[in-house]
Amino acid sequence: MTGAFSSSSDAGGPPVVVQLRGVGVWFQPKVRGIGALGRILGRGGRGAVRWALRGVDLTVREGESWGIVGHNGAGKSTLCLVLADILSPDEGVVDVRGKVAALVTLGAGFQPELSARENMLLYGAFLGVPRATMVARLDEILAFAELAEYADEPIRGFSSGMRARLGFAVATSLDPEILLLDEVLSVGDRQFRAKCRARIQAMKQRSRCVLTVSHSVTFLRQITTHCLWLDKGTVRMAGPAAAVLDAYEATGGESAGV
């Protein structure tokens, strides 16, 4: 099966917030054991170009919640990096219309020697949030992350789960128009994961756009309206979540809940 969304120019639909057309990202892996002859021939110690993404089309509208699925190496995290403007595509067009908050790696951007409180202020400054606004929200963020007692402890002592909770709480507290989550909700206990689901649902109701990468089909069925299925860097299927996830599961996609 193949699939991609059609043009976003149809009248009467919600505004488009993300538009990808023919997006591709390639890399050139190093080749071990290249000697002097290889360097003379200009091989430079690198192998053939490999495409992490190729020909990816996607249209996301305001109020939608998208899941991104695919087996390991499908290009899911690469796509998140492109959407977050951390990685520039080698071909195609990316149009992201709105303020983006991305949590693409556990604890990404946190400075280990700084405290949780200091890291939150730093993260807010990076996103252009006024310091007074961040200060006013610190207690609320820490309470949601269940880390109030660790507010002045250095991040270096936090577990991966604690960092993920803090990162999710900060990213979702800043009212982003577009929220990107890459495999960050698989940590923590059941109660905290339920809180995360409730917050995502609330963001959907406020007409914000959420894109979530997860291996858990069960989780994505609970929070998404649409899904994109990537297979070796290309779009295998895109559309309503139930149809895409049914097809993905039929090929052995993971269904464990979170």
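Our subject is the structure that appears above.
Read on for a plain summary of the structure. (Residues numbered from 1 in each chain as written. Predicted model: local features only at pLDDT ≥ 70, side-chain atom pairs only at ≥ 80, totals over all residues. Heavy atoms only, no water.)

Observations regarding the overall build of the chain
On a plain count of helices and strands, the chain comes out with eight helices and nine strands. Within the span of the chain, comprising 258 residues, buried residues form 46% of the whole. Considering only intrachain contacts with a sequence separation of at least 6, the fraction spanning at least 24 residues in the chain is 71%. Summed over its atoms, the accessible surface of the chain is roughly 12,300 Å², and 51% of this surface lies on carbon and sulfur atoms. (Helix = DSSP H or I, 4+ residues; strand = E, 2+ residues; numbered from the N terminus. Buried < 20%, exposed > 50% of the residue type's maximum accessible area, 1.4 Å probe, protein only. Contact = heavy atoms within 4.5 Å. Areas by Shrake-Rupley, 256 points an atom, 1.4 Å probe, with all protein chains shown as cover.)

Focus on unusual backbone geometry
Positive phi, normally seen in glycine, also occurs at glutamate 146, with a value near 60°. A residue is classified by how much of its surface remains accessible, and glutamate 146, at 34% relative accessible area, is partly exposed. Although it is not a glycine, lysine 232 adopts a positive phi angle of roughly 55°. Judged by relative accessible area, lysine 232 falls into the exposed class, the value being 71%.

Things to note about helix α6 (residues 190-205)
The terminal C-alpha atoms of α6, which comprises 16 residues, lie 23 Å apart, in line with the 22 Å expected from a rise of 1.5 Å per residue. When α6 is considered as a whole, its buried residues turn out to be Phe192, Arg193, Cys196, Arg197, Arg199, Ile200, Met203 and Lys204. Within α6, the buried residues cover an arc of 160° as seen down the axis, which keeps them to one side. When the buried face of α6 is taken as reference, the exposed residues oriented beyond 90 degrees from it are Arg190, Gln191 and Gln205. Looking at the buried side of α6, the elements it contacts are β3 (65-69), α4 (131-145), α5 (160-173), β6 (178-182), β7 (209-213) and α7 (217-223). (Expected span 1.5 Å × (residues − 1). Arc of directions from axis to C-beta.)

What to know about the environment of arginine 165
Its place among the elements puts arginine 165 in helix α5. Sequence spacing of arginine 165 and phenylalanine 192 is 27 residues, and the spatial spacing of their C-alpha atoms is 8.4 Å. Ignoring any residue separated from it by four or fewer positions in sequence, one finds arginine 165 in contact with Ala145, Glu146, Leu147 and Phe192.

Comments concerning the sheet that holds β3
Across a sheet, paired strands are connected by hydrogen bonds in the backbone, their directions being either parallel or antiparallel. One open sheet accounts for six strands, arranged β5-β6-β7-β3-β8-β9; its pairing is mixed. Edge positions in the sheet fall to β5 (100-103) and β9 (234-240), since each has one partner strand and no second. For this sheet, the mean inter-axis angle between neighbouring strands, taken without regard to orientation, is 15°. Both β6 and β7 contribute to a ladder of five bridges, which runs parallel. Counterpart to leucine 180 in the pairing with β7 is leucine 211. Packing against the sheet, helix α8 (residues 241-250) makes contact with β3, β8 (226-231) and β9, and its axis sits at approximately 135° to β9. (Pairing = 2+ DSSP bridges. Axes fitted to C-alpha atoms, helices over the stretch in contact; angles between N-to-C directions.)

Concerning a nonpolar patch on the surface
There is a patch of nonpolar side chains on the surface, built from Trp26, Val49 and Trp51 and spanning about 260 Å² of accessible area. With respect to the helices, strands and loops of the structure, tryptophan 51 is situated in strand β2 (residues 50-61). Owing to a relative accessible area of 31%, tryptophan 51 belongs among the partly exposed residues under this scheme. (Patch = residues over 30% accessible without salt bridge, like charges linked within 9 Å, V, L, I, M, F, W, Y side chains within 5 Å. Salt bridge = Lys/Arg side-chain N within 4 Å of Asp/Glu carboxyl O.)

Thoughts on the packing of helix α3 (residues 116-126) against α5
Between α3 and α5, the least distance of the axes is 11 Å, while the angle of their chain directions is 40°. Of the two elements, α3 crosses α5, and the hand of that crossing is right-handed. Taken together, the residues of α5 that come into contact with α3 (itself represented by Ala116, Met120 and Tyr123) are Leu166, Val170 and Ala171. Residues that form the contact of α3 with α5 fall into these classes: six nonpolar, no polar and no charged. (Left-handed = near helix turned anticlockwise from the far one by under 90°. Nonpolar A, V, L, I, M, F, W, Y, C, P; charged D, E, K, R; others polar.)

Geometric descriptors of this kind do not, in isolation, establish any biological role.
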